[in-house]
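# An overview of the molecular structure
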Amino acid sequence: MVIGWLIAAISVFHLVMLTFFGARVIPGWVDGALRGAEAEDFASMTVSEGYFWSSLGGFAFPLFALGLLIVWLARAGVAPPVFVYLVLLAWSVPGTLVFFPGGYLALIPMTVILLVADAKSRKLTTAQVSARTAASR
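Okay, so let's go over this structure. Throughout this description, residue numbers start from 1 for each chain and increase along the sequence as written. The predicted origin of the model limits local features to residues at a pLDDT of at least 70 and limits the giving and counting of side-chain atom pairs to 80 or more, whereas totals for whole chains, interfaces and linings rest on all residues. Where side-chain values are given, they derive from all heavy atoms of the structure, hydrogens and water being excluded.

## Quick look at the packing of helix 1 (residues 2-21) against helix 4 (residues 60-75)
- Every axis corresponds to a line fitted to the C-alpha atoms, with the helix fit spanning only the stretch in contact, and the corresponding angles, defined between N-to-C directions, vary from 0 to 180 degrees. The numbering of helices and of strands both runs from the N terminus, where a helix is a DSSP run of H or I of at least 4 residues and a strand a run of E of at least 2. At a minimum axis distance of 7 Å, the contact between helix 1 and helix 4 shows a crossing angle of 160°. Our classification of the angle between helix 1 and helix 4 gives roughly antiparallel. The element helix 1 and its partner helix 4 pack so that their crossing is left-handed. Along the contact surface, helix 1 presents Gly4, Trp5, Ile7, Ala8, Ser11, Val12, His14 and Leu15, while helix 4 presents Ala60, Phe61, Leu63, Phe64, Gly67, Leu68, Ile70, Val71 and Arg75.
- The class makeup of the residues in the contact of helix 1 with helix 4 is 12 nonpolar, four polar and one charged. Relative orientations are named as follows: roughly parallel for angles under 35 degrees, roughly antiparallel for angles over 145 degrees, roughly perpendicular for angles from 65 to 115 degrees, and oblique for any other angle. By definition, turning the near helix anticlockwise from the far helix through less than a right angle yields a left-handed crossing, and turning it clockwise yields a right-handed one. Here, two residues are considered to be in contact whenever any of their heavy atoms come within 4.5 Å of each other. Amino acids outside the nonpolar list (Ala, Val, Leu, Ile, Met, Phe, Trp, Tyr, Cys, Pro) and the charged list (Asp, Glu, Lys, Arg) are all regarded as polar, and Gly is one of them.

See below:
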């Protein structure tokens, strides 16, 4: 559950920092600066577009939702499917290699901890089922 809160916190930190540093371009978003922007040439992206895709249009909000979902499921006693952790790891490793230092690096150990905890949980569950099956014979 703690890791879910940490994932949500990284997302909030990301949004707060980008809002702080990009505050000067946000009024332009409201005025329509991004309408009709061409996404074909990322090299010519404006500062305003860059801040948009790094904040509101990026992965911070979905990652926040994922962190809260992990917390909610943990409170309900349900583990997310292992593919959630694998996708998070598959996203954070190349993200770290391409953009270091960044928040991606923090996700790697958190995801590994989630994968290890999931594996231990599955092993425990399998052992419990085996013990119950043997006891019922």
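## Side note on the packing of aromatic side chains
- Side-chain rings of Phe, Tyr and Trp (the six-membered ring for Trp) are treated as a pair once their centres are within 6.5 Å; stacked means planes under 30 degrees apart, edge-to-face means over 60, and tilted covers the remaining angles. Evaluated as defined, the whole model comprises five aromatic pairs.
- Connected via pairs of aromatic rings, a cluster forms that spans Trp29, Phe52 and Trp53.

## Topic: the side chain of threonine 111
- Relative to the elements of secondary structure, threonine 111 occurs in helix 6 (residues 103-136).
- Judged by relative accessible area, which is 0%, threonine 111 ranks as buried.
- With residues near it in sequence (within four places) discarded, threonine 111 still touches Tyr85, Leu88 and Leu89. For every residue, the accessible area (1.4 Å probe, protein chains only) is compared with the maximum for its type, and the residue is labelled buried under 20%, exposed over 50%, or partly exposed between those bounds.

## Some words on the nonpolar core
- Ranked by size, the top nonpolar core spans 12 residues in total: Ile3, Ile7, Leu63, Leu66, Ile70, Val84, Tyr85, Leu88, Leu107, Met110, Leu114 and Leu115.
- Residue assignment for this core shows that the elements contributing at least two residues are helix 1, helix 4, helix 5 (82-98) and helix 6.
- Ranked by residue count, the leading element in this core is helix 6, at four residues.
- Filtering out sequence-adjacent residues up to four positions away, leucine 107 remains in contact with Ile7, Ile10, Leu63, Leu88, Trp91 and Ser92.
- In plain words, nonpolar cores are sets of buried Ala, Val, Leu, Ile, Met, Phe, Trp, Tyr and Cys residues tied together by side-chain atoms within 4.5 Å. Leu18, Val25, Trp29 and Tyr51 belong to the second largest nonpolar core, which has five residues in total.

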